[in-house]
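Structural overview
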Amino acid sequence: MFKIGEFSKITQVSIRMLRYYDEQKLLEPCFIDENSGYRLYSAEQIDQLNRIILLRDMGFGVKEMRGLLQSWNSDKIKENLLEQMKKTEDNIQAEKNRLHQIEGMLRDLDHQDEKLNIEIVMKQLPMQHVLSLRRVVENYYCEGELWGELGGCLKGIRNAESLTGFSIYHDLDYREENVDIEVCVVINPCDVNVESRDLIFRQVDQVDQAACFMIYGPYSNISRAYHEFALWLERHPEYRMSGENRQICHVAMNTTDNPEEYVTELQIPLMYVVTEKK
C-alpha cells in the first residue's frame, strides 16, 4: 500500500485532487491507519483513478462520474458518451456563435463612423415557381447547410448551377434560435423531376412593392444596413414593413473566399399606409 504522497507521485495526481476525489466519494483510500491517520491506497486503485481523470477530461460532472463508476458497464458508458458528445457539439456551436459576435463587434468598432449609404429601390417582386427546402434550423448561420442540401438534390436538373436562388425568412421577428428559413430556386415547372420528400414545388406569390437594397462586403454589414433602412422608414412614414423578408446572395461563399467580395440583396415587402396630415 502507498501513503497519499507516494500514491500522488506514482499517479502524477496532486494530493489536493486525491483528497477532493475522496470527499466526493469517487476514490476513497482503501485503508486508513487508525493510529497514524495515514490514507493508504493500493496499486489496484490506479485503474479507477485513470477512469475518473478520463471522465473528468471529457466534461462529466461529479454526480455523473459517480454513477458511471459505481456500475462500469460498456452499454451504459456508450450511452453516456453519446449524450456527452451531443452536449459538447452544442457547446462548440454556442462558442462559434459567440466568436462570430465578437468578430462582428470588432469589425463594427473599426467601421463605426462609416455609413454604408445603401440605395433603396422600390420593386415589384413577380410571382415565381420555385423548388424549395424549408426547415426550422438552430440559427441563421445554419442557412448554408440548407443550401448545401438543396444543391445536392438539384444535380439531376438541367442547368441547375444557373438557377436563380433566394431565401425567405418566415419569422416576422428576429430569432436567436429555432429560425424558420426556406431556400428556393426559381424553376420551370417542366423541369421538376426531383424525387425528394423534403423538397416542395410551389408558387411564391407576387409582392406588389418591396424595398430592395444591395449590401457589399461581409454579412456583418447586414445589421448596419438594417439600421440605415430603419432611418429611411422613419423618413417615409407612408410605408410599413409587411410580410416575409427575402435575401439573394449574388456573390457568396460558394463563389469567393473573400467576404469583402460578397454581394447580398435584401428585399423587404412594404405596405402603403394612410398617414394623417398635420
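Preceding this section is the structure that the text describes.
Notes on the structure in this doc start here. (Residues numbered from 1 in each chain as written. Predicted model: local features only at pLDDT ≥ 70, side-chain atom pairs only at ≥ 80, totals over all residues. Heavy atoms only, no water.)

1. Observations regarding the overall build of the protein chain
When helices and strands are tallied, the protein chain shows 7 helices and 12 strands. Taking all 278 residues of the protein chain together, 35% fall into the buried category. Taking as baseline every contact in the protein chain between residues at least 6 positions apart, the subset at least 24 positions apart corresponds to 69%. (Helix = DSSP H or I, 4+ residues; strand = E, 2+ residues; numbered from the N terminus. Buried < 20%, exposed > 50% of the residue type's maximum accessible area, 1.4 Å probe, protein only. Contact = heavy atoms within 4.5 Å.)

2. Observations regarding the nonpolar core
One finds Leu-18, Tyr-21, Leu-27 and Leu-49 to be the most contacted residues of the largest nonpolar core, which totals 19 residues. Listed by contribution, the elements that provide at least two residues to this core are helix H1 (4–11), helix H2 (15–23), helix H3 (45–57) and helix H4 (62–70). (Core = buried A, V, L, I, M, F, W, Y, C linked by side-chain atoms within 4.5 Å.)

3. Here's the deal with helix H7 (residues 221–235)
Given 3.6 residues to a turn, an α-helix orients residues that are three or four positions apart in the same direction. With 15 residues, H7 extends 22 Å from end C-alpha to end C-alpha; this agrees with the ideal 21 Å at 1.5 Å per step. Taken as a whole, H7 has its buried residues at Asn-221, Ile-222, Arg-224, Ala-225, Glu-228, Phe-229, Trp-232 and Leu-233. (Expected span 1.5 Å × (residues − 1).)

4. Here's the deal with the sheet that holds strand E1 (residues 2–3)
By way of backbone hydrogen bonds, the strands of a sheet pair with one another, either parallel or antiparallel. The strand order across the open sheet built from 3 strands is E1-E3-E2, with neighbouring strands paired in antiparallel fashion. Looking at the sheet topology across the chains shown, the edges are occupied by E1 and strand E2 (31–32). Two elements, E2 and strand E3 (residues 39–41), share 2 bridges in a ladder whose sense is antiparallel. Its bridge partner lying in E3, Ile-32 is registered against Arg-39. (Pairing = 2+ DSSP bridges.)

5. Overview of a negative patch on the surface
Residues Glu-138, Glu-145, Glu-176 and Glu-177 make up a contiguous surface patch of negative charge. Mapped onto the elements, Glu-138 comes out in the loop between strand E5 (128–137) and helix H6 (143–153). (Patch = residues over 30% accessible without salt bridge, like charges linked within 9 Å, V, L, I, M, F, W, Y side chains within 5 Å. Areas by Shrake-Rupley, 256 points an atom, 1.4 Å probe, with all protein chains shown as cover. Salt bridge = Lys/Arg side-chain N within 4 Å of Asp/Glu carboxyl O. Lys, Arg positive; Asp, Glu negative; His and termini not counted. Charge placed at Lys NZ, Arg CZ, Asp CG, Glu CD.)

6. Description of the pairing of strand E6 (residues 165–169)
Within E6, 5 of the 5 residues are buried, which leaves the element mostly enclosed by the surrounding structure. The side-chain alternation of E6 yields two buried faces, one formed by Gly-165, Ser-167 and Tyr-169 and the other by Phe-166 and Ile-168. In this structure, E6 lies alongside strand E7 (residues 179–186), joined through 5 bridges in antiparallel fashion. Residue Ile-168 lies in a different strand from E7, and its bridge partner there is Glu-182. Both E6 and strand E11 (residues 245–251) contribute to a ladder of 3 bridges, which runs antiparallel. Across the sheet, the residue bridging to Ser-167 is Gln-247, located in E11.

7. Observations concerning the environment of Met-214
With respect to the helices, strands and loops of the structure, Met-214 is situated in strand E9 (residues 207–216). We classify Met-214 as partly exposed; its relative accessible area is 28%. Between the C-alpha atoms of Met-214 and Ala-225, which are 11 residues apart in sequence, the distance is 8.9 Å.

8. A word on a nonpolar patch on the surface
On the surface, a nonpolar cluster with roughly 240 Å² of combined accessible area is contributed by Leu-54, Met-58 and Leu-81. When you line up the elements, Leu-81 lands in helix H5 (residues 74–110). Judged by relative accessible area, which is 32%, Leu-81 ranks as partly exposed.

9. Notes on the side chain of Asp-22
Structurally, Asp-22 is set in helix H2. Residue class for Asp-22 comes out buried when judged on its relative accessible area of 12%. Other than its neighbours up to four places away in sequence, Asp-22 contacts Leu-27, Glu-28, Pro-29 and Arg-39.

10. Description of the packing of aromatic side chains
For the coordinates displayed, the defined rule picks out 9 aromatic pairs. Arranged with centres 6.2 Å apart and planes meeting at 55 degrees, the rings of Tyr-140 and Tyr-169 form a pair that is tilted. Separated by 29 residues along the polypeptide, Tyr-140 in the loop between E5 and H6 and Tyr-169 in strand E6 bring together distant segments of the chain. On the accessibility criterion, Tyr-140 (27% relative accessible area) is partly exposed. Owing to a relative accessible area of 13%, Tyr-169 belongs among the buried residues under this scheme. The interplanar angle of 80 degrees and the centroid separation of 6.0 Å between the aromatic rings of Tyr-239 and Tyr-272 together place this pair among those described as edge-to-face. Placement of Tyr-239 in strand E10 (residues 239–241) and of Tyr-272 in strand E12 (residues 263–272) is noted, with a sequence separation of 33 residues between them. Taking the relative accessible area as the measure of exposure, Tyr-272 reaches 55% and is therefore exposed. Every member of this aromatic cluster is reached through a ring pair, and the members are Phe-213, Phe-229, Trp-232, Tyr-239 and Tyr-272. (Phe/Tyr/Trp six-rings, centres within 6.5 Å; stacked < 30°, edge-to-face > 60°.)

11. Things to note about the pattern of salt bridges
Throughout the structure, instances matching the rule amount to 12 salt bridges. The salt bridge partner of Glu-95 is Arg-98, with a shortest N-O separation of 2.5 Å. Taken together, the positions of Glu-95 and Arg-98, both in helix H5 and 3 residues apart, correspond to about one turn of that helix. Using a relative accessible area of 46% as the deciding quantity, one classes Glu-95 as partly exposed. Residue classification places Arg-98 among the partly exposed positions, given a relative accessible area of 42%.

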